[in-house]
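The residues making up each chain are set out below.
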Amino acid sequence: MSELNIAVFISGSGTNLQSLIDKSESGELLAKIVAVISDIDDAYGLVRAERHNIPAFVVNYSRFIDSHRLKREAYEEAEKEIIKILEGFRIDYICLAGYMRLLTPYFLSHFRSEYVYRVLNIHPALLPSFPGRHGYEDTFNYGCKWGGITVHFVDEGEDTGPIIAQAVYPIWPDDTVDKIRHRGLSLEHMLYPQCINWLAKGFIRFERKGGRIVTYITDPDYRVVLDEMIKRVIVLK
Ligand code: GRF
């Protein structure tokens, strides 16, 4: 078991970042947040990082985007800057937490080899359903009776990488999008740290299945942990 060094990428309010910070400080998270990266100048997550003395950096992609350049090239230029920043730290994993930019194959190639994925994401829906930016709205508008969240490794597609873990919450007849977002976020704040701990403890195994790389969790307490999480969220209003 080891304590991991992680960088957290954000674009917005950063409630997932906050839950990782709190659990890191209390010792529940087997990881230290060594850097926070934002693509938005005034993301509230930056304030959270500052309050906890975590080095935080803004890489604003609009500086690189112009009409003479392909979007991919502009993204790679921005990512070069991010990579340069991260070189100043010993990073084991990058955790995307509401980061609203897709990472290019150029960036990802720095952080993966066949079975070693080093970029994680938390997605607000039960993948492969509802990829993209509006997981809670899409789940709600589809009329689902259960919603879910997914922690997965990031590959070159949009929300297509190997799934690490998922958890579900009920959707009641009188629900609203805001209510299910609240329920889902409570689950996110439990599942993301848990997945990082599984990584730190060496409980994530990779296997090739058909054409895909899939993961298995080998924690003997896996069922208990998941059961407790879902029970806690079922009673939320
Ligand atoms: C979360 O719902 C996460 O699943 C998605 O973006 C949102 C970020 O929320 N990727 P926050 O900034 O952590 O509050």
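Attention here is on the structure that accompanies the text. (Residues numbered from 1 in each chain as written. Predicted model: local features only at pLDDT ≥ 70, side-chain atom pairs only at ≥ 80, totals over all residues. Heavy atoms only, no water.)

### Overview of the overall build of the protein chain
Okay, step 1: What the protein chain contains, in helices and strands, is 7 helices and 11 strands.
Okay, step 2: Along the first, second and third principal axes, the C-alpha atoms of the protein chain reach 50 × 45 × 40 Å.
Okay, step 3: Relative to its 237 residues, the protein chain shows a buried fraction of 51%.
Okay, step 4: Long-range contacts, defined as pairs at least 24 residues apart, comprise 67% of the intrachain contacts of the protein chain with a sequence gap of at least 6. (Helix = DSSP H or I, 4+ residues; strand = E, 2+ residues; numbered from the N terminus. Buried < 20%, exposed > 50% of the residue type's maximum accessible area, 1.4 Å probe, protein only. Contact = heavy atoms within 4.5 Å.)

### Side note on the nonpolar core
Okay, step 1: Ranked by size, the top nonpolar core spans 54 residues in total, and within it Ile6, Val8, Ile33, Leu191, Tyr192 and Ile196 carry the most contacts.
Okay, step 2: No other element matches helix α6 (residues 177-200), which puts 11 residues into this core.
Okay, step 3: Once you skip the residues sitting within four places of it in the chain, isoleucine 33 turns out to touch Ile6, Val8, Leu17, Leu20, Ile21, Ser24 and Ile54.
Okay, step 4: One finds Ala35, Ile37, Ala74 and Ala78 within the second-largest nonpolar core, a separate group that totals 25 residues. (Core = buried A, V, L, I, M, F, W, Y, C linked by side-chain atoms within 4.5 Å.)

### Concerning the packing of helix α5 (residues 135-142) against α6
When two helices pack together, their arrangement is given by the angle between their axes and by how far apart the axes lie.
Okay, step 1: At a minimum axis distance of 10 Å, the contact between α5 and α6 shows a crossing angle of 125°. By the angle class used here, α5 and α6 are oblique. Both α5 and α6 take part in a crossing whose hand is right-handed. For the pair formed by α5 and α6, the contact residues are Tyr136, Glu137 and Phe140 on the first element and Val177, Ile180, Arg181, Gly184, Leu185 and Glu188 on the second. (Axes fitted to C-alpha atoms, helices over the stretch in contact; angles between N-to-C directions. Parallel < 35°, antiparallel > 145°, perpendicular 65-115°, else oblique. Left-handed = near helix turned anticlockwise from the far one by under 90°.)

### Description of helix α1 (residues 15-26)
Okay, step 1: For α1, with 12 residues, the first-to-last C-alpha span of 16 Å sits near the 16 Å given by 1.5 Å per residue.
Okay, step 2: Turning to α1, its buried residues are Asn16, Leu17, Gln18, Ser19, Leu20 and Ile21.
Okay, step 3: Positive phi appears at glycine 27, one or two residues downstream of α1, with a value of about 90°. (Expected span 1.5 Å × (residues − 1).)

### Structural notes on the packing of aromatic side chains
Okay, step 1: Scanning the entire structure with this criterion turns up 11 aromatic pairs.
Okay, step 2: Each member of the aromatic cluster is reached from another via a ring pair, and the members are Phe9, Tyr99, Phe107 and Phe111.
Okay, step 3: Its end group placed over the ring of tyrosine 106, lysine 80 keeps NZ or CZ at 6.0 Å from the ring centre.
Okay, step 4: Across the ring face of tyrosine 61, the terminal group of arginine 101 is positioned such that the distance to the ring centre comes to 4.5 Å. (Phe/Tyr/Trp six-rings, centres within 6.5 Å; stacked < 30°, edge-to-face > 60°. Lys NZ or Arg CZ within 6 Å of the ring centre and 35° of its normal.)

### Describing the site of the ligand
Okay, step 1: Close to the ligand lie Ser13, Gly14, Thr15, Asn16, Gly98, Ile122, His123, Pro124, Tyr136, Leu185 and Glu188, which account for all nearby residues.
Okay, step 2: Within the backbone of glycine 14, one N or O atom sits 2.8 Å away from an oxygen atom of the ligand.
Okay, step 3: Within the backbone of asparagine 16, an N or O atom sits 2.8 Å from an oxygen atom of the ligand.
Okay, step 4: Coverage of the ligand by the protein chains reaches 82% of its 370 Å² of free accessible surface.
Okay, step 5: Secondary structure elements with two or more residues in the shell around the ligand: α1, β7 (119-123) and α6.
Okay, step 6: In terms of residue class, the shell around the ligand is made up of 4 nonpolar, 6 polar and 1 charged. (Near = heavy atom within 4 Å. Polar contact = N/O pair within 3.5 Å; in protein donor to acceptor, adjacent residues only side chain to side chain. Areas by Shrake-Rupley, 256 points an atom, 1.4 Å probe, with all protein chains shown as cover. Nonpolar A, V, L, I, M, F, W, Y, C, P; charged D, E, K, R; others polar.)

### A word on the pairing of strand β4 (residues 93-96)
Okay, step 1: The two faces of β4 match: Tyr93 and Cys95 on one face and Ile94 and Leu96 on the other face are all buried.
Okay, step 2: Of the pairings in the sheet, the one linking β4 to β7 comprises 3 bridges and is parallel in character. Bridged to leucine 96 within β7 is asparagine 121. (Pairing = 2+ DSSP bridges.)

### What about the pattern of salt bridges?
Okay, step 1: Taken as a whole, this structure holds 11 salt bridges when the rule is applied.
Okay, step 2: A salt bridge links glutamate 77 to lysine 80; its shortest N-O distance comes to 3.3 Å. Placement of the pair is glutamate 77 and lysine 80 together in helix α3 (residues 71-86), with a separation of 3 residues, close to one helical turn.
Okay, step 3: Among the salt bridges present, the one from aspartate 175 reaches arginine 183, with a minimum N-O distance of 2.8 Å. (Salt bridge = Lys/Arg side-chain N within 4 Å of Asp/Glu carboxyl O.)

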